[in-house]
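Single-letter residue listing:
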Amino acid sequence: MALDDHIRILSGVRLFEGFAQDQLRLLAFGAEAMSIPAGRKLYREDDDADSAYIVIRGKVGLYREHEGNRVEVSTGGPGTVLGEMALIADSRRLTSAEAATDAEVLRINRSMFRRILEEYPETAERLRLQIIEDLQALIMRIEEVGERLG
């Protein structure tokens, strides 16, 4: 995919709403496109997290391990952001992610993302509020799974 394709994809992602064209260009330029065959893990629960992933094509499943059993949390398709907490803080993965189908993702590393936030503080504040909202929703989904595991 060309840089303009990546910019177009990023512009449609809720997390990047309100980004100016030059911000999207910088983000797309620093992103790494990856193809992932069905069944391959993108990352594992409790791994160090240093990047987020945008699903471009296909589906990626998020799950947790509990007593040797795999418990599905959600599945993300095109436009879904996976692991966005890694963009703003040193953290560990809350879930594992595996390609449910052949998939393509854009990997965005923390250092590139932080560079944008440092250069555009108004964008940083808007994103902070949005990420908090998204993380609260994810934590609620994870807690619901935990309750089912009882």
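None of the values given here were measured: they were computed from a predicted structure.

The rules behind the values
Residues numbered from 1 in each chain as written. Predicted model: local features only at pLDDT ≥ 70, side-chain atom pairs only at ≥ 80, totals over all residues. Heavy atoms only, no water. Pairing = 2+ DSSP bridges. Helix = DSSP H or I, 4+ residues; strand = E, 2+ residues; numbered from the N terminus. Polar contact = N/O pair within 3.5 Å; in protein donor to acceptor, adjacent residues only side chain to side chain. Buried < 20%, exposed > 50% of the residue type's maximum accessible area, 1.4 Å probe, protein only. Arc of directions from axis to C-beta. Core = buried A, V, L, I, M, F, W, Y, C linked by side-chain atoms within 4.5 Å. Contact = heavy atoms within 4.5 Å. Phe/Tyr/Trp six-rings, centres within 6.5 Å; stacked < 30°, edge-to-face > 60°. Lys NZ or Arg CZ within 6 Å of the ring centre and 35° of its normal. 1 Å grid on protein atoms, 1.4 Å probe; cavity = no way out; pocket = protein on both sides within 12 Å on 5 of 7 lines; lining within 4 Å. Points joined across faces, edges and corners; volume = space filled by probe spheres on them. Nonpolar A, V, L, I, M, F, W, Y, C, P; charged D, E, K, R; others polar.

Participant: Tell me about the sheet that holds strand 10 (residues 103-109), and name the residues and values.
Facilitator: Strands sit in the order 1-10-4-7 across an open sheet of four strands; the sheet is antiparallel. Bordering the open sheet on either side are strand 1 (32-36) and strand 7 (81-82), each of which pairs with just one other strand. In this sheet, strand 10 lies alongside strand 4 (residues 51-57) in antiparallel orientation, the contact comprising six bridges. When the sheet's bridge partners are listed, Ala52 is paired in strand 10 with Ile108.

Participant: Describe the side chain of Glu98, with residues and values.
Facilitator: By secondary structure assignment, the location of Glu98 is in strand 9 (residues 96-99). Among the polar contacts made by the side chain of Glu98, one reaches the side chain of Lys41 at a distance of 3.0 Å.

Participant: Account for helix 3 (residues 110-119), naming residues and giving values.
Facilitator: Among the residues of helix 3, those classed as buried are Arg110, Met112, Phe113, Ile116 and Leu117. Along the long axis of helix 3, the arc covered by the buried residues comes to 165°, so they all point the same way. Exposed and facing more than 90 degrees away from the buried side of helix 3 are Ser111 and Glu118.

Participant: Mind laying out the nonpolar core, listing which residues take part and the relevant values?
Facilitator: Among soluble globular proteins, nonpolar side chains are generally buried collectively. Judged by nonpolar contacts, the single largest core of 26 residues is most densely connected at Leu10, Phe16, Ile54, Ile108 and Phe113. Of all the elements in the fold, those that place two or more residues in this core are helix 1 (3-11), helix 2 (21-30), strand 4, strand 10, helix 3 and helix 4 (121-149). Those residues in contact with Leu10 that lie beyond four places of it in its chain are Phe16, Leu24, Leu27, Ala28, Ile54, Leu106 and Ile108. Membership of the second largest hydrophobic core comes to 17 residues, among which are Tyr53, Val73, Val105 and Ile142.

Participant: I'd love a proper account of helix 1, names of residues and values included.
Facilitator: Those residues of helix 1 lying buried are His6, Ile7, Ile9 and Leu10. Along the axis of helix 1, the buried positions cluster into a sector of 165°, meaning they face one direction only. Projecting away from the buried face of helix 1 at angles above 90 degrees are the exposed residues Asp4 and Arg8. Buried positions along helix 1 lie against helix 2, strand 1, strand 4 and strand 10.

Participant: Which residues make up the packing of aromatic side chains, and what values go with them?
Facilitator: Scanning all chains against the criterion turns up three aromatic pairs. Relative to Phe19, the ring of Phe16 lies with its centre 5.3 Å away and its plane at 70°, an arrangement referred to as edge-to-face. A single burial state applies to Phe16 and to Phe19, both of which are buried. Through a chain of ring-to-ring contacts, the aromatic side chains of Phe16, Phe19 and Phe113 assemble into a single cluster. Sitting over the face of the ring of Tyr63, Arg70 holds its NZ or CZ atom 3.7 Å from the ring centroid.

Participant: Describe the layout of surface pockets, listing the residues and the values that go with them.
Facilitator: Taken as a whole, the largest pocket spans an internal volume of roughly 470 Å³. What lines the largest pocket is a set of 27 residues, among which Val81, Leu82, Gly83, Glu84 and Leu138 lie closest to the centre. Taken together, the elements giving at least two residues each to the lining of the largest pocket come down to strand 6 (69-76), strand 7, strand 8 (91-92) and helix 4. Among the elements that line the lining of the largest pocket, the one with the most residues is helix 4, at five residues. In terms of residue class, the lining of the largest pocket is made up of 13 nonpolar, eight polar and six charged.

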